[in-house]
Amino acid sequence: AALMLLSMLRLNPFATPWLTTKLALLLAYIALGSFALKRAPTQKVRTLCLVLALLVLLSIVAIARAKDPLAPLRMVAG
């Protein structure tokens, strides 16, 4: 869906750094979610993947709202 939207809006994801960062984080979120749900070998690793996936999701939301790839870091730094 994200790629279709890019093509419809004629946006180049590499020309907009916040969009590139958001798409990369989306792939990381999918991978972490996959490990959190079934691929991780132990419960401890599943829990860690879940926590990391939630942090990535919060970062995606922050980037989308601010249109700034460093928005999550600026939120933490204050």
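In case you missed it, the structure is sitting above this.
Please read these numbers as outputs of a predicted model, since none were measured by experiment. (Residues numbered from 1 in each chain as written. Predicted model: local features only at pLDDT ≥ 70, side-chain atom pairs only at ≥ 80, totals over all residues. Heavy atoms only, no water.)

Engineer: What exactly am I supposed to notice about the nonpolar core here?
Structural biologist: Inside soluble globular proteins, nonpolar side chains tend to come together where they are buried. Residues Leu 32, Ala 36, Cys 49, Ala 53, Val 56 and Ile 60 constitute the largest nonpolar core, which totals 6 residues. With 4 residues, the top contributor of residues to this core is helix α3 (residues 43–66). Dropping the residues within four chain positions of it, Val 56 is found in contact with Leu 25, Tyr 29 and Leu 32. (Core = buried A, V, L, I, M, F, W, Y, C linked by side-chain atoms within 4.5 Å. Buried < 20%, exposed > 50% of the residue type's maximum accessible area, 1.4 Å probe, protein only. Helix = DSSP H or I, 4+ residues; strand = E, 2+ residues; numbered from the N terminus. Contact = heavy atoms within 4.5 Å.)

Engineer: Help me understand the layout of surface pockets in this model?
Structural biologist: Empty space left among the atoms is revealed by rolling a probe the size of a water molecule over them. Considering only enclosed or pocket space, the largest pocket measures out at about 210 Å³ in volume. Those elements that provide at least two residues to the lining of the largest pocket are α1 (2–9), α2 (17–39) and α3. Here the lining of the largest pocket takes 5 residues from α2, the largest share from any one element. Looking at side-chain class alone, the lining of the largest pocket contains 11 nonpolar, no polar and 2 charged residues. (1 Å grid on protein atoms, 1.4 Å probe; cavity = no way out; pocket = protein on both sides within 12 Å on 5 of 7 lines; lining within 4 Å. Points joined across faces, edges and corners; volume = space filled by probe spheres on them. Nonpolar A, V, L, I, M, F, W, Y, C, P; charged D, E, K, R; others polar.)

Engineer: Quick question: what am I supposed to make of the environment of Leu 3 here?
Structural biologist: For Leu 3, the position within the fold is in helix α1. Separated by 20 residues in the primary sequence, Leu 3 and Leu 23 have C-alpha atoms spaced 9.3 Å apart.

Engineer: Please clarify how unusual backbone geometry should be interpreted in this entry.
Structural biologist: Glycine aside, residues mostly have negative phi angles, and peptide bonds mostly take the trans form. Of note, Arg 10 is a non-glycine position whose phi angle comes to about 55 degrees, a positive value. Looking at where Arg 10 falls in the secondary structure, it is placed in the loop between α1 and α2. Of note, Lys 67 is a non-glycine position whose phi angle comes to about 55 degrees, a positive value. Residue Lys 67 is classed as partly exposed on the basis of its relative accessible area of 49%.

Engineer: Mind showing me how you'd approach the packing of aromatic side chains here?
Structural biologist: The relative placement of two aromatic rings is captured by the distance of their centres and the angle of their planes. Scanning the entire structure with this criterion turns up 0 aromatic pairs. Over the ring of Trp 18 we find Lys 67; its NZ or CZ atom is 5.0 Å from the centre of that ring. (Phe/Tyr/Trp six-rings, centres within 6.5 Å; stacked < 30°, edge-to-face > 60°. Lys NZ or Arg CZ within 6 Å of the ring centre and 35° of its normal.)

Engineer: What is the right way to look at a nonpolar patch on the surface in this model?
Structural biologist: Residues Leu 26, Leu 27, Tyr 29, Ile 30, Leu 50, Leu 54, Leu 57 and Val 61 make up a contiguous nonpolar surface patch of about 700 Å² in total accessible area. At the level of elements, α2 and α3 are the ones that each hand at least two residues to the nonpolar patch. Turning to its location among the elements, Leu 50 is positioned in helix α3. The exposure class assigned to Leu 50 is partly exposed, which follows from its relative accessible area of 46%. (Patch = residues over 30% accessible without salt bridge, like charges linked within 9 Å, V, L, I, M, F, W, Y side chains within 5 Å. Areas by Shrake-Rupley, 256 points an atom, 1.4 Å probe, with all protein chains shown as cover. Salt bridge = Lys/Arg side-chain N within 4 Å of Asp/Glu carboxyl O.)

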